[in-house]
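# Notes for the structure review
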Amino acid sequence: MHEANPDDPAVRYAIYKAYGEKCFYLDRPLDKNFYTLDHIIPEKYKKQPEALAQYLGELGYTETFHVNSLENLVPAERLFNTRVKRDDLLPPVVAWPYLKRAESKIPYILKEIDKFNKKKDEEKALLELLAHANENSNREQYAKQVFDLITEEDSYFEGGKQVVRYGEDAFIYKNATPNVHIYSLMPTLKQIDGTCLITFKSLKIRDCMITFSHNQIINILFQGLHTNISLGMRRFIVGIQNEMVCLQFPNNRFFISIDEVQQLCNLIDDFVLDYINALQRLEIMLGITTFEKAKYWSKGYRLMKVDHALWNNLLRFSNEFDYLNGDTGWHIFNRNNMFIQVQIQKQHLKKNIDLHLRLVAERCDDKLVPFNQGNSKVWIVWDIGHFENDPDLIQRNGYWDAVTAFEWLADKFIPYVIAHYNYKFVKRNKWSLKKPSFEDYKTSLNKEYLFYPSSLELNNDHISGVSDLIQVLKSMQSYLSNSNSFFLNNSEIGQIYDSISICLKRIPLKDYSYEYISRELGCRHLKEREDIIMFIDQCEHTDKKMTNRSLQLLFGCIVEGLEQDFGKYLTQLDLQKIVKDIKPVKEKIEIQMLFDRWVSE
């Protein structure tokens, strides 16, 4: 027998749960606040042992029986127990199955009693923790320590930085601080768009896993790099309130402490370096380092600008020389009226069999062309968007990179197509009276008049003279006309002003040049060179956000000086000093240009 106290909360709760929260007799749901534990054999017979023994004998019960036992206690509706059943003995034929049913429930009751007692112990422990928390000055920090102890998650936010290589050219980036963890699959040939996962240890968002796509990484995480939180240049920082920072991530807005935000910023500033390296590796593999990104093709790069009529002829030629229509060296195309696709067999070229490249046309939005005249030029775009559906095509020996595609277009395809359609109109030479051969005619074509190559002039790491420097400065000015603001520290701003000062000190300028520089520097009232130099030397610079317009004007001041007699009064040391001074800004612009090339519209 399992003796039990009917007034024990654990016993009452366990019996109530074991019987499915229903009345034992009526099989109806019980109100947990209005039920009773009934004795199948009434409790009053505990004081009448002779009558109890006689009744047990009628039941055929030979074992020791306790009235207050789990075998005799069942849940019942209070009104039924008092008004219907009362304290009368049930007929043996009714009581016996009731007692057997109660006996069958004992394992479940014991299990529920154990659960109740454990819960009670836990509540006691929690009350003790609450008492300790009330004594602690930082309750949130104390709660975090307790949670970390229970979940054993500390190891996830330990270990520091790891860049793990898997496969041929794929990398995983992992880094963690005590409160923030970053995990990223870096861009690869087979998966050009990288991804990132950020998790926080803060109790408020402990189990929140925030994912970022490639575009979100660049447009959200990588804006305002290496800047102080208070400057507000980090795009994901909404504001600061009561020592808490509000962050806005994709579909998530929440508050965390300034210390946690600083840890996040430090991780991002480290993460960006490895992400840039991954993108630069891809650009080298794909051969797109010197080509502009296409405007209307998210995974396309401009190779060259040609006449629309020439593009139509290239398309016409590719349709005529479908690879299924013949076996000459030029039957290498997969016929299509929208794009040019090279799909050749091994005997024609030493490259891999199957698809080698796809070229598409993009409208040339030339602002110099009058609106009512339209534009007869198009960009030939090297498109890699179709590789996403079949990653196996992107292998180093299985596709033509952008450089190979450009060289094939410039040296072979375009000259041959022009010669193919125009040779029949070539007349005899009036001196030799002979018609040049097909090859001679093709070789004589002047490529400078056939196409205009796309290029990124800013990537000039070898500035050997003033003309190179002017070209780089003007390229930066051109880019800044359409870009975001940049953060420069006081030394970087001071270096740009130093370069302007060098030009003023070394190069004799026209009066209008001094007037231009003084106006752009904000000292319009100064007209003399010495006064402008003194103004520059006395300027105090602080870390700040520089608008693209402000940087344009500063670079314009340097260009204004260099273009005077092409800076012939500058020494080689002066040139090296200016190149060194503009290098930090040039590197920031190059990084932003890299991001621009890899962000889909």
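Please refer to the structure higher up on the page.
The following paragraphs examine the structure supplied in this document. Since we're looking at a predicted model, the values are computed, not measured. (Residues numbered from 1 in each chain as written. Predicted model: local features only at pLDDT ≥ 70, side-chain atom pairs only at ≥ 80, totals over all residues. Heavy atoms only, no water.)

### Focus: the overall build of the protein chain
Along the protein chain, the regular secondary structure elements total 17 helices and 17 strands. Counting over 601 residues, the protein chain shows a buried share of 46%. The long-range share in the protein chain, meaning contacts at least 24 apart out of those at least 6 apart in sequence, stands at 65%. For the protein chain, the accessible area works out to roughly 33,100 Å², and carbon and sulfur atoms hold 50% of it. (Helix = DSSP H or I, 4+ residues; strand = E, 2+ residues; numbered from the N terminus. Buried < 20%, exposed > 50% of the residue type's maximum accessible area, 1.4 Å probe, protein only. Contact = heavy atoms within 4.5 Å. Areas by Shrake-Rupley, 256 points an atom, 1.4 Å probe, with all protein chains shown as cover.)

### Focus: the environment of I470
The residue I470 is located in helix α12 (residues 466–480) in this model. Taking C-alpha positions, I470 is 9.4 Å from E560, a pair spaced 90 residues apart along the chain. Residues in contact with I470, not counting those within four places in the same chain, are V559, L562, E563 and F566.

### Thoughts on the sheet that holds strand β9 (residues 244–249)
The three strands are arranged β8-β9-β10 in an open sheet whose pairing can be described as antiparallel. Two strands close off the open sheet at either side, each with one partner strand: β8 (237–241) and β10 (252–257). Ignoring which end each strand starts from, the neighbouring axes of this sheet average 20 degrees apart. Bridge analysis of β8 against β9 gives four bridges, and the strand direction is antiparallel. What sits directly across from I237, in β9, is L247. Those strands touched by helix α8 (residues 258–286) are β8, β9 and β10, and its axis lies near 110 degrees from that of β10. (Pairing = 2+ DSSP bridges. Axes fitted to C-alpha atoms, helices over the stretch in contact; angles between N-to-C directions.)

### A short note on the packing of aromatic side chains
Tallied over the entire structure, the rule returns 34 aromatic pairs. Measuring from ring centre to ring centre gives 5.7 Å for Y19 and F24, while their planes differ by 80 degrees; the resulting arrangement is edge-to-face. Take Y19 and F24: they sit in the same class, and that class is buried. With centroids separated by 5.5 Å and ring planes inclined at 50 degrees, the aromatic side chains of F236 and F249 adopt a geometry described as tilted. Taken as a pair, F236 in the loop between α7 (214–221) and β8 and F249 in strand β9 lie far apart in primary sequence, 13 residues in all. A residue is classified by how much of its surface remains accessible, and F249, at 2% relative accessible area, is buried. One aromatic cluster in this structure is built from F317, F321, W330, F333, W408, F413, Y416, Y421, Y423, F438 and Y441. Taking the ring centre of Y19 as reference, the NZ or CZ of K105 above it sits at 5.6 Å. Between R358 and the ring centre of F339, over which it is positioned, the NZ or CZ distance is 4.6 Å. (Phe/Tyr/Trp six-rings, centres within 6.5 Å; stacked < 30°, edge-to-face > 60°. Lys NZ or Arg CZ within 6 Å of the ring centre and 35° of its normal.)

### Focus: the sheet that holds strand β7 (residues 209–212)
Spatially, five strands are ordered β3-β4-β5-β6-β7 in an open sheet, and the strand pairing comes out antiparallel. Edge positions in the sheet fall to β3 (162–166) and β7, since each has one partner strand and no second. Averaged over all pairs of adjacent strands, the angle between their axes in this sheet comes to 15 degrees, without regard to strand direction. The pairing of β3 with strand β4 (residues 170–176) spans five bridges and is classified as antiparallel. Pairing of V163 across the sheet is with Y173, part of β4. Strand contacts of α7: β6 (195–200) and β7, with the helix running at about 100 degrees to β7, the strand carrying the most contacts. Across the sheet, α8 touches β3, β4, β5 (180–185) and β6, and the angle it forms with β5 is around 15 degrees.

### Digging into the pairing of β10
In the sheet, β9 pairs with β10 via six bridges, with the strands oriented antiparallel. Paired with M244 across the bridge in β10 is S257. The loop that links β9 with its antiparallel partner β10 comprises two residues; one of these, N251, has a positive phi angle of about 60 degrees.

### Section: the nonpolar core
By size, the foremost hydrophobic cluster in this structure holds 86 residues, and its most contacted members are F200, F222, L247, F249 and W382. Membership of the second largest hydrophobic core comes to 43 residues, among which are I463, I496, C503 and I517. (Core = buried A, V, L, I, M, F, W, Y, C linked by side-chain atoms within 4.5 Å.)

### Overview of unusual backbone geometry
Located in the positive-phi region is D27, a residue other than glycine, with phi close to 55 degrees. Looking at where D27 falls in the secondary structure, it is placed in the loop between α1 (9–18) and β1 (35–39). With a phi angle near 55 degrees, N242 is a residue other than glycine that sits in the positive phi range. One can find N242 in the loop between β8 and β9.

### Examining the layout of surface pockets
Here the second largest pocket defines a volume of roughly 540 Å³. Around the second largest pocket sit 25 residues that line it, and F222, Q223, G224, L225 and F486 are the ones nearest its centre. Breaking the lining of the second largest pocket down by element, the ones donating at least two residues are α8, β16 (486–488) and α17 (572–597). When residues in the lining of the second largest pocket are grouped by element, the largest group, six residues, is from α17. (1 Å grid on protein atoms, 1.4 Å probe; cavity = no way out; pocket = protein on both sides within 12 Å on 5 of 7 lines; lining within 4 Å. Points joined across faces, edges and corners; volume = space filled by probe spheres on them.)

### Considerations on the packing of helix α13 (residues 490–506) against helix α15 (residues 529–538)
As a packed pair, α13 and α15 sit with axes 10 Å apart at the nearest point and diverge in direction by 160 degrees. Compared by their axis directions, α13 and α15 come out roughly antiparallel. Note that α13 runs across α15; the crossing there is left-handed. Along the contact surface, α13 presents Y497, I500, S501, L504 and K505, while α15 presents R529, I532, I533, I536 and D537. Partitioned by chemical class, the residues of the contact of α13 with α15 number six nonpolar, one polar and three charged. (Parallel < 35°, antiparallel > 145°, perpendicular 65-115°, else oblique. Left-handed = near helix turned anticlockwise from the far one by under 90°. Nonpolar A, V, L, I, M, F, W, Y, C, P; charged D, E, K, R; others polar.)

### Overview of a negative patch on the surface
A cluster of like negative charges, contributed by D7, D8, E43 and D87, occupies part of the molecular surface. Here D8 lies in the segment before α1. Overall, the relative accessible area of 30% leaves D8 in the partly exposed class. (Patch = residues over 30% accessible without salt bridge, like charges linked within 9 Å, V, L, I, M, F, W, Y side chains within 5 Å. Salt bridge = Lys/Arg side-chain N within 4 Å of Asp/Glu carboxyl O. Lys, Arg positive; Asp, Glu negative; His and termini not counted. Charge placed at Lys NZ, Arg CZ, Asp CG, Glu CD.)

### Examining the environment of F157
Inspection of the secondary structure puts F157 in the loop between α6 (139–151) and β3. By relative accessible area, F157 is classed as buried at 6%. As for F157 and P178, which are separated by 21 residues in sequence, their C-alpha atoms are 5.4 Å apart.

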